[in-house]
Amino acid sequence: MSTLTPGFQGRPRPQGVALPPGQYVEAGFPVLSAGPTPRVDTNTWRLDVVTESGDTRSWTWPDLMALPQDEPTVDIHCVTRWSKFGTTWRGVSLDTLLADVESTADFAMIGSYGGYTTNVPVAELLGGKAWVVHTFDGAPLHPVHGGPARLLVPGLYFWKSAKWVNRITLLPMDEQGFWERLGYHDLGDPWREQRYQGD
Amino acid sequence: MTEATVPGTGTDAGPRLGARYAMPSGWRVATLVDARAESRTARTLVLDVPDWPGHLAGQHLDLRLTAPDGYTAERSYSIASAASGTAPSVRVEITVQRVPGGEVSGYLTDAFAVGDAIEVRGPVGGWFVWSPVHDAGRPVLLAAGGSGVVPLVSMLRTRRDAGDRTPFRLVYSVRRPEDRLYVDELARRAEDGLEANVAFTRAAPLDARRAPGRLTLAELGAWGWPADIEPACFVCGPTGFVEAVSRTLVALGHDPACVKTERFGPAVD
Ligand SMILES: Cc1cc2nc3c(=O)[nH]c(=O)nc-3n(C[C@H](O)[C@H](O)[C@H](O)COP(=O)(O)OP(=O)(O)OC[C@H]3O[C@@H](n4cnc5c(N)ncnc54)[C@H](O)[C@@H]3O)c2cc1C
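Calculation criteria
Residues numbered from 1 in each chain as written. Chains lettered and ligands numbered in written order. Predicted model: local features only at pLDDT ≥ 70, side-chain atom pairs only at ≥ 80, totals over all residues. Heavy atoms only, no water. Helix = DSSP H or I, 4+ residues; strand = E, 2+ residues; numbered from the N terminus. Buried < 20%, exposed > 50% of the residue type's maximum accessible area, 1.4 Å probe, protein only. Contact = heavy atoms within 4.5 Å. Areas by Shrake-Rupley, 256 points an atom, 1.4 Å probe, with all protein chains shown as cover. Near = heavy atom within 4 Å. Polar contact = N/O pair within 3.5 Å; in protein donor to acceptor, adjacent residues only side chain to side chain. Pairing = 2+ DSSP bridges. Axes fitted to C-alpha atoms, helices over the stretch in contact; angles between N-to-C directions. Domains from an automatic or database assignment. Salt bridge = Lys/Arg side-chain N within 4 Å of Asp/Glu carboxyl O. Nonpolar A, V, L, I, M, F, W, Y, C, P; charged D, E, K, R; others polar. UniProt positions renumbered as here; feature names shortened; annotations may be inferred. Phe/Tyr/Trp six-rings, centres within 6.5 Å; stacked < 30°, edge-to-face > 60°. Lys NZ or Arg CZ within 6 Å of the ring centre and 35° of its normal. Buried area = accessible area lost by both parts, 1.4 Å probe. Disulfide = S-S within 2.5 Å.

## Let's talk about the overall build of chain B
Helix and strand counts for chain B come out as 6 helices and 11 strands. When the 269 residues of chain B are sorted by exposure, 57% land in the buried category. Partitioning the contacts of chain B with sequence separation of at least 6, the portion at a separation of at least 24 is 74%. Roughly 11,100 Å² of accessible area belongs to chain B as shown, and the carbon and sulfur atoms make up 53% of that amount.

Laid out in structure tokens, this is it:
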């Protein structure tokens, strides 16, 4: 094969940091969404968890705030190739939210205000791996970044961390969400570079 | 990574059925066969891509650059050329805007030479697309900030190639006159019925009818379509531009579901 991109040097490589393949370090906080940013009022905000048998549990904004709060500091990786280290959040662990939910489902469909959906295996949501967060870097989460509340699943590419989350539907079988139907990966593990279906 | 299995054979007239939802195939080695300056700081690259699966207007591709020590950098670039079908060898055009201090864009605008090879993957994205087959007839508003005009130009070229008469309006925001891309071509598209308006945010030419500044709600209202006729809106550019314009369109009464957006980067203009 001929030499690719002759003369390309790139930036000095980050040393001693864990960067998944194909990613670069970003200091800012870019935005990726498919349409206009929905504005959601916390007075009407609700989070529903629906099980495979159709049972629904709901939380209002005061309900969410009354639950034990976590303060995760995590690295995030976007499929558009930026990674951001040491982001700080505040919110409720899904271990807390789902603790009393009766379900044997292995998959979940996350739904958002604005109609966006994404599928995530339940195993990626439990065990200290996922939160519903409302605070970023000490301030209320801005609507552009998914406020008032978004899902945070730092172990997967960031489109799985659905913005404006309002529904978690538990499913016995995997189904595809919005980006997944458009060709993005069902799991989206950045360390295995699962960007697109078939990776 | 797996190679996509491409159903059907050879060349066909349009993008292959299912291209909208197909998985992007693996990396292919493309060659730069031509390049031209699109503005003082932007360059159009013409890539010869073997076994290109075809693309729809609005999709992008991924480029992978490799340094001598094996380090790689990947970036996305919108496809500027009109939608194409499957072909053994297709010329795909992209336009790269040089970003100050950028790792990849500066290499592509200044160093990458005709004859050089680069890895390409795609097409990618099935949401921010316009097709004369599926979408003809419904008026379209294109809103571009800076290099966000690239996928929108692909839509205009696709419309021209298809001989389609769907009414298109373009609102194009750039900092200064010299930052405009595709100046001559956009003027020619007026002959096919494109209505285009340019807003200069930092410095306007002497004959401009407005002072430099950001697009206003009144301008978007006047230069776009009334919300009642439910036009398809495509908004593309830096995040700040896309946020401001898509919000304004919703304020003007457009259904958020009719406003598709593509955000290029963190920069806010
Ligand atoms: C779907 C998609 C389509 C795209 N299409 C195009 C296209 O058609 N033409 C094009 O020129 N670019 C396009 N981009 C942007 C492109 O992928 C790169 O981000 C851009 O070329 C900068 O890369 P870089 O390596 O030079 O800069 P980096 O080294 O990644 O960044 C250098 C600095 O510039 C800032 N920066 C990054 N991107 C931008 C930007 N777009 N504008 C201003 N500042 C920026 C960064 O925050 C950083 O501070 C697209 C991006 C996406 C996600």
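Further notes follow.
## Observations regarding the site of the ligand
Around the ligand, the structure places 23 residues, and the nearest of them are Arg-11 of chain A together with Ser-76, Tyr-77, Val-104 and Ser-105 of chain B. One chain alone does not account for the residues near the ligand; they come from chains A and B. Tyr-77 of chain B places a polar side-chain atom, nitrogen or oxygen, 2.7 Å from an oxygen atom of the ligand. Residue Glu-103 of chain B places a main-chain N or O atom 2.8 Å away from an oxygen atom belonging to the ligand.

## Remarks on the sheet that holds strand S3 (residues 56-60) of chain A
Residue and element names in this part refer to chain A. Reading across the sheet, the 5 strands line up as S3-S2-S11-S6-S7 and stay open at both edges, with mixed pairing between neighbours. Because the sheet does not close on itself, it has two edges, and the strands there are S3 and strand S7 (117-121). Looking at each pair of strands side by side, their axes are set apart by 15 degrees on average, direction ignored. In terms of strand pairing, strand S2 (residues 46-50) meets S3 through 5 bridges, oriented antiparallel. What sits directly across from Arg-46, in S3, is Thr-60.

## Brief notes about the domain arrangement of chain B
Many structure descriptions define interface size as the accessible area lost when the parts assemble. Residue and element names in this part refer to chain B. Taken domain by domain, chain B comprises domain 1 (3-124) and domain 2 (132-264). If you look at the interface, domain 1 gives 20 residues, while domain 2 gives 18 residues. The interface formed by domain 1 and domain 2 holds 2 salt bridges in total. Among the salt bridges present, the one from Glu-93 reaches Arg-157, with a minimum N-O distance of 3.7 Å. At the boundary of domain 1 with domain 2, the tally comes to 4 residue pairs in polar contact (both at pLDDT 80 or more). Elements that contribute at least two residues to the side of domain 1 that touches domain 2 include exactly strand S2 (42-52) and strand S5 (87-97). If one sorts the elements of the side of domain 1 that touches domain 2 by residue count, S5 sits on top with 3 residues. The class makeup of the residues in the side of domain 1 that touches domain 2 is 6 nonpolar, 9 polar and 5 charged.

## Observations regarding the UniProt feature "domain: Oxidoreductase molybdopterin-binding" (unreviewed entry) in chain A
Sites flagged by UniProt as "domain: Oxidoreductase molybdopterin-binding" (unreviewed entry) map to residues 35-179 of chain A. Along residues 35-179 of chain A, the helical share is 9% and the strand share 39%, with 13 Å between the first and last C-alpha atoms.

## Focus on the packing of aromatic side chains
Counted under the stated rule, the structure contains 19 aromatic pairs over all chains. Here the aromatic rings of Phe-29 of chain A and Phe-136 of chain A are separated by 5.0 Å at their centres, their planes lie at 65 degrees, and the arrangement is edge-to-face. Here Phe-29 of chain A is found in the loop between strand S1 (24-25) and S2, whereas its partner Phe-136 of chain A is found in strand S8 (residues 131-136), with 107 residues between them in sequence. Geometrically, the ring pair formed by Trp-179 of chain A and Tyr-184 of chain A is edge-to-face, given 5.8 Å between the ring centres and 85 degrees between the ring planes. One exposure class covers both Trp-179 of chain A and Tyr-184 of chain A, and it is buried. In textbook terms, an aromatic cluster arises when at least three aromatic residues are bridged by ring pairs, as seen for Tyr-116, Tyr-157, Trp-159, Phe-178, Trp-179, Tyr-184 and Tyr-196 of chain A together with Trp-127 of chain B. Arg-75 of chain B extends its terminal NZ or CZ atom over the ring of Tyr-24 of chain A, reaching a point 4.1 Å from the ring centre. Across the ring face of Trp-127 of chain B, the terminal group of Lys-260 of chain B is positioned such that the distance to the ring centre comes to 4.1 Å.

## Here we look at the interface of chain B and chain A
With 44 residues of chain B in contact, the opposing surface of chain A contributes 37 residues. At the boundary of chain B with chain A, total buried surface from both sides reaches about 3,400 Å², with 56% on carbon and sulfur atoms. Along the contact surface separating chain B from chain A lie 6 salt bridges. Between Arg-11 of chain A and Glu-103 of chain B there is a salt bridge, with its nearest N and O atoms 3.9 Å apart. Sorting the residues of the side of chain B that touches chain A by element identifies strand S3 (60-66), strand S4 (72-78), strand S6 (117-124), helix H6 (239-251) and strand S11 (259-263) of chain B as the ones contributing at least two each. For the side of chain B that touches chain A, a count of residues per class yields 21 nonpolar, 10 polar and 13 charged.

## Things to note about the side chain of His-134 of chain A
Residues and elements named next belong to chain A. Among the structural elements, His-134 can be located in strand S8. Assessed through its relative accessible area of 8%, His-134 is described here as buried. A distance of 2.7 Å separates the side chain of His-134 from the side chain of Gln-69, its partner in a polar contact. Within the structure, the side chain of His-134 is placed 2.8 Å from the side chain of Thr-135, a separation counted as a polar contact. Residues within four places of His-134 in sequence aside, it is in contact with Trp-61, Leu-64, Met-65, Gln-69, Arg-90, Gly-91, Ala-139, Pro-140, Leu-141, Pro-148 and Ala-149.

## Focus on the state of the cysteines
Taken as a whole, this structure holds 0 disulfides over all chains when the rule is applied. In this structure Cys-78 of chain A is a free cysteine whose sulfur lies 15 Å from that of Cys-236 of chain B, the closest cysteine sulfur available. In this model Cys-236 of chain B remains outside any disulfide bridge; the closest cysteine sulfur is found in Cys-233 of chain B, 14 Å from its own.

## So, unusual backbone geometry
Following Gly-147 of chain A, the chain continues into Pro-148 of chain A via a peptide bond in cis, with omega recorded as 15 degrees. Structurally, Pro-148 of chain A is set in the loop between strand S9 (139-140) and strand S10 (150-152). Each neighbour pair has its own omega, and for Gly-122 of chain B with Pro-123 of chain B the value is 5 degrees, a cis peptide bond. Positive phi, close to 55 degrees, is recorded for Tyr-182 of chain B, a residue that is not glycine. We classify Tyr-182 of chain B as buried; its relative accessible area is 2%. Backbone geometry at Glu-230 of chain B places phi at a positive 50 degrees, although glycine is not the residue there.

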